[in-house]
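# Structural characterization, general
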Amino acid sequence: MSSVLYDAQGPRAKRRNILWTVLFLVASAAVLWWLFSTLEEKGQLEWVLWEPFFTGTEAWSTYIWPGLLNTLKAAVLAVIIAMPLGAVFGIARLSDHAWIRVPAGIVVEFFRAIPVLILMIFGLALFAQYTNVSSDDRPLYAVVTGLVLYNASVLAEIVRAGILSLPKGQAEAGMAIGLRKGQAMRLILLPQAVTAMLPAIVSQMVVIVKDTALGGAVLTYSELLASASTMSGYYGANTIASFTVVAVIFIALNFALTSFASWLERRLRRAKKSTGAVVGVDDLATGGTAGGGGPAAT
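For clarity, every value in this text was computed on a predicted model and none was experimentally measured. Per chain, residue numbering runs from 1 following the sequence as it is written. Only residues with pLDDT of at least 70 are given local features in this predicted model, and only at 80 or more are side-chain atom pairs given and counted; all residues enter the totals for whole chains, interfaces and linings. Hydrogens are left out, water is left out, and the side-chain values use all remaining heavy atoms of the structure.

Right, let's talk about the environment of Lys181 for a bit. Only DSSP runs of H or I covering at least 4 residues are called helices, and only runs of E covering at least 2 are called strands; the numbering of each starts at the N terminus. For Lys181, the location among the structural elements is in helix H8 (residues 181-218). As a C-alpha pair, Lys181 and Ser95 span 86 residues in sequence and 9.6 Å in three-dimensional space.

So this is what it looks like as C-alpha cells:
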C-alpha cells in the first residue's frame, strides 16, 4: 500500500530487507556469544564478583548511594542555574536592540564552542587561585560551573529556536490588541514554545546528568562513576560487574527523566486542546491568564 511519504515495497525489496534483518540478527548473536564467552574465560562472570550487589547492602550504602547523591547534586544544581540563564540569553538573542542581541550572541557562541571538560578544568583552577572555597568543595563547584556555562549556552539556542518556530501571527496578534513585545513574549510566545522545546530541554538535561561523570574522571569529584572505580578495586577487581551496575543505574535514571518529560508534554498538549476560555484584552493586560489560550487561537 502506497503512502504520501514512501512507495510500497515490491517483492524483491521485501526479500532483501528480510535477508538484511536475518544477517543483522545472526551478527548480533555472534557478537553477544563472543562477548559472553570472553567474559566467562576471564572469570568476570563468576558469582563472587557479582555477589556484593545482590546479597548485601555494603556496596550500595558505601559506594553506589553516596556516588549517586553526588551525581544528582551536581546535575540538579546545574539544571537549576542553567535553565533560567539559558532562557535569559535565548530571549536576549531575539532582542531588537543590537547592544543586547550582539553581546548575548557572543557569549552563547563562545561557551557553546568550548568542550565542557575544559570549562570544568578552568573552573577548578579559578576556584583554587581566586576564591576561598575549600579543596573538598572545589570539584563540585568546578563541575557545576562547567555544566552551567556550557549547557546554558545550548539551552539559550533551544529557547531561541523554540520561539522562532512559532508562527509570526502569534506575536502580531498580541501586539494588535495593544501588548508590548515583552508582554507578548511572556504571555503568548513562551507558554506555547515550552511545549515545543520540552523534548530538546529534556535531552539536554540527560546530557547534564551524564556529563557529571567527567568530574569524577578528571577532577576527583566522587560521583557515581568515580565510586564505581573505587568499588571495583575494593571487591577484587570486579570491574565489569561494578561498571555494569553503574551503567544500569544511569540508564534507569535517564529513562525515568525522559518518561516524565513525555508524560508532561502530553499533559500540556491536552491542556491546551481542552481549554475553551475566551480571553479578553483586560485579562491579558493584567496578566490574569498566563496560558495565552485566546491569542493562540486567533
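Resuming the write-up.
Below, the discussion takes up a nonpolar patch on the surface. Patches here are clusters of residues that have more than 30% relative accessible area and form no salt bridge, with a 9 Å joining cutoff for like charges and a 5 Å cutoff for nonpolar side chains (Val, Leu, Ile, Met, Phe, Trp, Tyr). Every accessible area reported is derived by Shrake-Rupley at a probe size of 1.4 Å, with residue values counting cover from the shown protein chains alone. Salt-bridge detection follows one rule: a side-chain nitrogen of Lys or Arg within 4 Å of a carboxyl oxygen of Asp or Glu. Residues Val76, Ile80, Ile81 and Leu85 make up a contiguous nonpolar surface patch of roughly 320 Å² in combined accessible area. Here Ile80 shows up in helix H3 (residues 58-92). When accessible area is computed with a 1.4 Å probe and restricted to protein chains, residues below 20% of their type maximum are described as buried, those above 50% as exposed, and intermediate ones as partly exposed. By relative accessible area, Ile80 is classed as exposed at 54%.

This paragraph deals with the confidence of the model for the chain. On a scale of 0 to 100, pLDDT captures the predictor's confidence in every residue. For the chain, per-residue confidence averages 83 on the pLDDT scale, and 87% of positions sit at 70 or higher. Mean pLDDT per element in the chain: helix H12 (residues 293-297) is the minimum at 43, and helix H4 (residues 98-113) is the maximum at 93. In this description, contact between two residues means that some pair of their heavy atoms is separated by no more than 4.5 Å. Here residues 275-281 is a poorly scored stretch, pLDDT under 50, and it has four contacts once near neighbours within four places are set aside; other chains count.

Attention shifts here to the nonpolar core. One finds Phe53, Ile64, Val143, Leu147, Leu224 and Met231 to be the most contacted residues of the largest nonpolar core, which totals 32 residues. Elements with a contribution of two residues or more to this core: helix H2 (47-50), H3, helix H5 (116-130), helix H6 (138-164), H8, helix H9 (224-234) and helix H10 (239-274). Per element, the largest residue contribution to this core is eight residues, and it comes from H3. Counting residues in each nonpolar core, the second largest holds 17 residues, with Leu94, Leu179, Ala193 and Met197 among its members. Put simply, a nonpolar core is a bunch of buried Ala, Val, Leu, Ile, Met, Phe, Trp, Tyr and Cys residues held in one set by side-chain atoms that sit within 4.5 Å of each other.

With that settled, the discussion passes to H5. In this model, H5 (15 residues) spans 21 Å end to end at C-alpha, consistent with the 21 Å of a helix rising 1.5 Å per residue. Listing the buried residues of H5 in full gives Val116, Leu119, Met120, Gly123 and Phe127. The buried side chains of H5 occupy one side of the element, clustering within an arc of 100 degrees when seen end-on. Projecting away from the buried face of H5 at angles above 90 degrees are the exposed residues Phe122 and Gln129. Expected span, for any helix, means 1.5 Å times one less than how many residues it has. Here the arc refers to the set of directions running from the helix axis out to each C-beta atom.

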